[in-house]
Amino acid sequence: MAFLLNNSSYCYLFIFLYFLSSLLTVNTLATVSISENSNHTLICALQQGHSNLNCTSFPAGIALEVNPSISYSQIVAGNGFLCALRPPSSSMSIMGCWRFLANPTNVARFKRIHRGPVIEHIDGGNSHVCGLINRNNNNLDLECWQWNNFNSTMGRNMSMSSIAVGENFVCALSQTGDVTCAGTGNDRVVEHVPRPGGNYSVLAAGFRHACVISHDGTLDCWGDMKGEKPQGRFISLALGENRSCALGYDRRIVCWGSNNFSMPQRLQGTFFESIIAKRSVFCGVVSSNYSLLCWGTEIFESNGKVFDNVLPGPCRNECPCGPLPNSAKLCNSPAIICQPCSPVVVVEVQSQFPPPSQLQPPPPSQSGSGWSKKMVAFLVVGCVGCSSLLLVLAFFLYRNCCNCKSKGSRVHDSGRLEEAEAEAASPVLQKRLSHVISLGNGSSLEEFSLQVLLQATNNFSEDNKIGIGSFGSVYHATLEDRKEVAIKRAETSSATPSYAVLGGKEDKDNAFVNELESLSRLHHKNLVRLLGFYEDTNERILVYEYMNNGSLSDHLHKLQSSALMSWPVRIKVALDAARGIQYLHKYATPPIIHRDIKSANILLDAKWTAKVSDFGLSLMGPDPEDEESHLSLLAAGTVGYMDPEYYRLQHLTPKSDVYSFGVVLLELLSGHKAIHKNENGVPRNVVDFMVPFIQQDEIHRVLDTRVPPPTPFEIEAVAFVGYLAADCVRLEGRERPTMTQVVNNLERALDACLAHPILSRSTTDSSD
């Protein structure tokens, strides 16, 4: 870095702090498309998996003929069409389109429009599609389809990096940051292109206007734009017809346009990774779980969630600034999704030199270099100031990193909180809550009043108490609309002796937020549904759907009579619960480790469907496909169900949940609690009791005697479940099956009870 000082009236020092890259790269959302016509809105997205194109129309009616064996890398859409680009192979790209009518009656079929040189990037307007084609491995050429009389020679003399297509125009952004536009007819966008040398990094087009973002994040728009351009710094744009939205550095979206168009109130606190628009519909990929939320028309007012696990950007083989967290699973290995590089930070410092009229000619220096004492002094002061600034920035970065690490390592420990920590917990909790609540679970969570909850529970009467959870007691309640709910209330002291450790106020606050965060973004038929919450400085309350038939533990160990007194029903309950856990491990983004799987946390609804509950100890876990990854944490959970490997080594993996579920399977088979007393009154672990009999093929000797003896076909299925349970509780996690394998084997066992197939011991070792 060089400092250039002279005798001009004012000197400026430009301090450029480059973090990883001097260019601000963002994910251009060519992985989501919107087609809006007079009758229908079709939204398509690229998702996880090989056959990754998924579309849905509002209202239903548009149907596309999609080859399930083909995957796509980019998609665009407009009025009555969708175009998709296949990943390039052998230096060749294939792109085709589906065309559908305003009143769809037939299935739209794919028609190829390009088979030739590699297309690097595509964009679509309401009527046209354009792409940048790599013909000579040097400059990219612009080519457009569905656009008669368009001169495609634009950009031949410039090195283009991206394009944006409007209604009757297309603009291109060069690698040096210049913008050029061309089109058909008279268009203000083409006539008022931004000045050359604008140093722009992001380009977007709307129906009749366009916008760019400079490298420093400032916004510039031209054409027929409606509304007042917002102030701030931005990283991405989505422009429609007479309305616009921009994604800020803080990952929040601001919108403007005709009729005071703005971001819906319910989404103003949501963090997004990328955004896109077409005419009046806007969509964005949520940062936390990569779900797609849309807004802009009445269709999306009540429930804007369209898809889960949407690619927030194209899958690439290399990323200059690293992969987007938890997004590798969305691509086919080894491809990844790139995270945006940190922006350039420019600090302008005005020197303290007086105006020229006050300056005297400097005396010649002895060395003849022209440096005066004042200049040397200024240089020294400037260097010291810059060093101080960098040290201050480094200090804050270090402190923040330390805080992050300390928060990640403190997990339900039993130590007392220091007074200073207790004072700081409240604002931290509020920040976590405001972020979590903004996520929603597809439909907005209801924020109940304390008075309503007090009335529904008769002031949290002991008569209404039905159980104890990870951070407090659970009560049965009936709301004013006669809807039955379960209400979990955090308490200053909770009689939860079975938990390993869950001590101070911070632990209970963490458990409350963990459960709120997990269930607010998860939706599966085998997970208990969260309906709402209440929170203030003294109360932490969650409201759930009511599970009429209580917990699995009740039916196994407390109730005298139960519908679970048959082997097919017990295996069905186990399968339901396994599917819920499988969803947490494999399909939640990021994956979740429950950490407290037990029969008391498996609840049964009115139709005897089993659902996993109580996410107070849950954590975002490592990739379940990575056998080497784990979280290093103090052990927490319930005695008798805890993974001994986790307890001994403090290595938490998804296989820890598998162990706990294996204990549940042994409970289902034997009718014994995880920790129970033998005939001599000595405490005994169900694993130590059951596994030897299973290994000796003598499971019939230790089955629950309250259940009628299994038929010859049922005993085969029961023995098969026994083998599976023994596999789940193996001491080493890598020897246990995954939850997907558990689900597959329980499905076979249930089929054995109903259809009498032949099972063998080896089938419990099926691959994922």
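All of the points below concern the structure found in this document. Everything numeric here is computed off the predicted structure, so don't read it as measured data. (Residues numbered from 1 in each chain as written. Predicted model: local features only at pLDDT ≥ 70, side-chain atom pairs only at ≥ 80, totals over all residues. Heavy atoms only, no water.)

A few words on the overall build of the protein chain. Scanning the protein chain from terminus to terminus reveals twelve helices and 41 strands. The buried share of the protein chain, reckoned over its 768 residues, is 53%. The contacts in the protein chain between residues at least 6 apart in sequence include a share of 56% that link residues at least 24 apart. When the accessible surface of the protein chain is summed, it comes to about 35800 Å², and 50% of that surface belongs to carbon and sulfur atoms. (Helix = DSSP H or I, 4+ residues; strand = E, 2+ residues; numbered from the N terminus. Buried < 20%, exposed > 50% of the residue type's maximum accessible area, 1.4 Å probe, protein only. Contact = heavy atoms within 4.5 Å. Areas by Shrake-Rupley, 256 points an atom, 1.4 Å probe, with all protein chains shown as cover.)

A few words now on the state of the cysteines. For the structure on display, the rule yields seven disulfides. Each sulfur in the disulfide pair Cys83 and Cys97 lies 1.9 Å from the other. Measuring the twist about the S-S bond at about 95°, one finds the Cys83-Cys97 disulfide to be right-handed. Note that Cys83 is positioned in strand β6 (residues 81-85) and Cys97 in strand β7 (residues 93-99), a separation of 14 residues in sequence. Overall, Cys83 belongs to the buried group, its relative accessible area being 0%. We classify Cys97 as buried; its relative accessible area is 4%. Put simply, Cys283 and Cys294 are joined by a disulfide, and their sulfur atoms are 2.0 Å apart. A torsion of 105° about the S-S bond marks the disulfide between Cys283 and Cys294 as right-handed. Of this pair, Cys283 sits in strand β22 (residues 281-286) while Cys294 is found in strand β23 (residues 292-295), placing the two residues eleven residues apart along the sequence. (Disulfide = S-S within 2.5 Å.)

Over the atoms a probe the size of a water molecule is rolled, and this reveals where empty space is left. Under the criterion given, the structure shown has four cavities of 30 Å³ or more. One number sums up the size of the second largest cavity: a volume of about 70 Å³. Considering the residues around the second largest cavity, the lining is formed by 14 residues, among which Arg595, Met642, Tyr646, Ser656 and Ser660 are closest to the centre. The leading source of residues in the lining of the second largest cavity is helix α9 (residues 654-670), at three residues. Per-class residue counts for the lining of the second largest cavity are six nonpolar, four polar and four charged. (1 Å grid on protein atoms, 1.4 Å probe; cavity = no way out; pocket = protein on both sides within 12 Å on 5 of 7 lines; lining within 4 Å. Points joined across faces, edges and corners; volume = space filled by probe spheres on them. Nonpolar A, V, L, I, M, F, W, Y, C, P; charged D, E, K, R; others polar.)

So, about the sheet that holds strand β15 (residues 200-205). Taken in spatial order, the three strands line up as β15-β16-β17 in an open sheet, and their pairing is antiparallel. Bordering the open sheet on either side are β15 and β17 (219-223), each of which pairs with just one other strand. With direction set aside, neighbouring strand axes in the sheet form an average angle of 20°. (Pairing = 2+ DSSP bridges. Axes fitted to C-alpha atoms, helices over the stretch in contact; angles between N-to-C directions.)

Within the structure shown, the criterion is met by eight aromatic pairs. An angle of 20° between the planes, with centres 6.3 Å apart, marks the rings of Phe282 and Trp295 as stacked. Of the two residues, Phe282 sits in strand β22 while Trp295 sits in strand β23, which places them 13 residues apart along the sequence. Its relative accessible area of 0% is what places Phe282 among the buried residues. Overall, Trp295 belongs to the buried group, its relative accessible area being 2%. These aromatic residues form a ring-pair network of at least three members: Phe261, Phe272, Phe282 and Trp295. One cation-aromatic arrangement involves Arg570 over Trp567; the distance from NZ or CZ to the ring centre is 5.7 Å. Here the basic side chain of Arg684 rests over the ring of Phe689, its NZ or CZ set 3.8 Å away from the ring centre. (Phe/Tyr/Trp six-rings, centres within 6.5 Å; stacked < 30°, edge-to-face > 60°. Lys NZ or Arg CZ within 6 Å of the ring centre and 35° of its normal.)

Close contact between helix α7 (residues 567-587) and helix α11 (residues 712-728) brings their axes to 10 Å; oriented N to C, the two are set at 30°. Here α7 lies roughly parallel to α11, going by the angle between them. By crossing handedness, the relation of α7 to α11 is classed as left-handed. Judged by residue contacts, Trp567, Pro568 and Ile571 of α7 engage Glu714, Ala717, Val718 and Val721 from α11. (Parallel < 35°, antiparallel > 145°, perpendicular 65-115°, else oblique. Left-handed = near helix turned anticlockwise from the far one by under 90°.)

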